[in-house]
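Descriptive analysis of the structure
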Amino acid sequence: MAEFFMTKKGYEEAVKQLEYLQKVKRAEIVERIQEARSHGDLSENAEYDAARNEQAANEGEIIELDFKIKNAVIIEETDDKSVVHIGSEVKVYDADLEEETVYTIMGTTEVDAMKNIVSNESPVGKALLGHKRGETVTVKAPDCEYQLKILKIN
């Protein structure tokens, strides 16, 4: 059985997104399909084809999100800052790049690369989980390995 780790907030956002896709977006797409059908010949109707493609993508997203919600494991929030866990914000030092970075470790459904929110299943997330401040971990990326020193856990 697949498990998807989520914070309570992430779970609630996923449920809200699923509801939006099912009730609002699905209805909007059906409306566009009906409008495009009213224009006649469907064989050369780009508007109809685009709406049908959007409908297929939306239905796929609904199925995927529904599956993740049904298989969600809600992570209890904790104040434990002694070890990296899902939900931790971790400040690290990369000696190769000579820079500090802050990562937040979350479940796969809450990832946001632009905000340095990484999955517990990502190379960085896997490497950091379970380690303490002051430890150096090895990140096994697909094309290389590198070390990160844990400076702070929030």
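Definitions and limits used
Residues numbered from 1 in each chain as written. Predicted model: local features only at pLDDT ≥ 70, side-chain atom pairs only at ≥ 80, totals over all residues. Heavy atoms only, no water. Helix = DSSP H or I, 4+ residues; strand = E, 2+ residues; numbered from the N terminus. Rg over C-alpha atoms; globule rule 2.2 N^0.38 Å. Lys, Arg positive; Asp, Glu negative; His and termini not counted. Charge placed at Lys NZ, Arg CZ, Asp CG, Glu CD. pLDDT = per-residue confidence, 0-100. Phe/Tyr/Trp six-rings, centres within 6.5 Å; stacked < 30°, edge-to-face > 60°. Buried < 20%, exposed > 50% of the residue type's maximum accessible area, 1.4 Å probe, protein only. Contact = heavy atoms within 4.5 Å. Core = buried A, V, L, I, M, F, W, Y, C linked by side-chain atoms within 4.5 Å.

Thoughts on the overall build of the chain
Within the chain, the secondary structure is distributed over three helices and seven strands. When the elements of the chain are put in sequence order from the N terminus, they spell out β-α-α-β-β-β-β-α-β-β. Taken over the C-alpha trace, the chain has a radius of gyration of 21 Å; the compact-globule value for 154 residues is 15 Å, which it surpasses by more than 25%. Its C-alpha atoms give the chain principal-axis dimensions of roughly 70 × 30 × 25 Å. One way to put it: in the chain the 20 positive side-chain charges average out to a point 5 Å from where the 32 negative ones average out.

Overview of the confidence of the model for the chain
Confidence in the prediction for the chain averages 94 pLDDT; 99% of positions are at 70 or higher. Taking the mean pLDDT of every element in the chain, the minimum, 90, falls on strand 1 (residues 4–7) and the maximum, 98, on strand 3 (residues 89–94).

What to know about the packing of aromatic side chains
Under the definition given, this model contains one aromatic pair. Each ring, one from phenylalanine 4 and one from phenylalanine 67, has its centre 5.8 Å from the other, and the planes form 80°; the classification is edge-to-face. Of this pair, phenylalanine 4 sits in strand 1 while phenylalanine 67 sits in helix 2 (residues 46–70), and the two are 63 residues apart along the sequence. Residue classification places phenylalanine 67 among the partly exposed residues on the basis of a relative accessible area of 42%.

Observations concerning the environment of lysine 140
By the element assignment, lysine 140 lies in strand 6 (residues 136–141). Overall, lysine 140 belongs to the exposed group, its relative accessible area being 57%. A sequence separation of 16 residues divides lysine 140 from valine 124, and the C-alpha atoms of the two residues are 7.8 Å apart. Contact partners of lysine 140, with chain neighbours within four places excluded, come to Pro123 and Glu145.

What to know about the nonpolar core
Residues Val124, Leu128, Leu148 and Ile150 are the most contacted members of the largest nonpolar core, which totals 16 residues. Among the elements of the structure, strand 3, strand 4 (99–106), helix 3 (123–128), strand 6 and strand 7 (144–153) are those that each provide at least two residues to this core. The element that contributes the greatest number of residues to this core is strand 7, accounting for four residues. What leucine 128 contacts, discounting residues up to four positions off in sequence, is Val84, Val90, Val92, Ile105, Val137 and Ile150.

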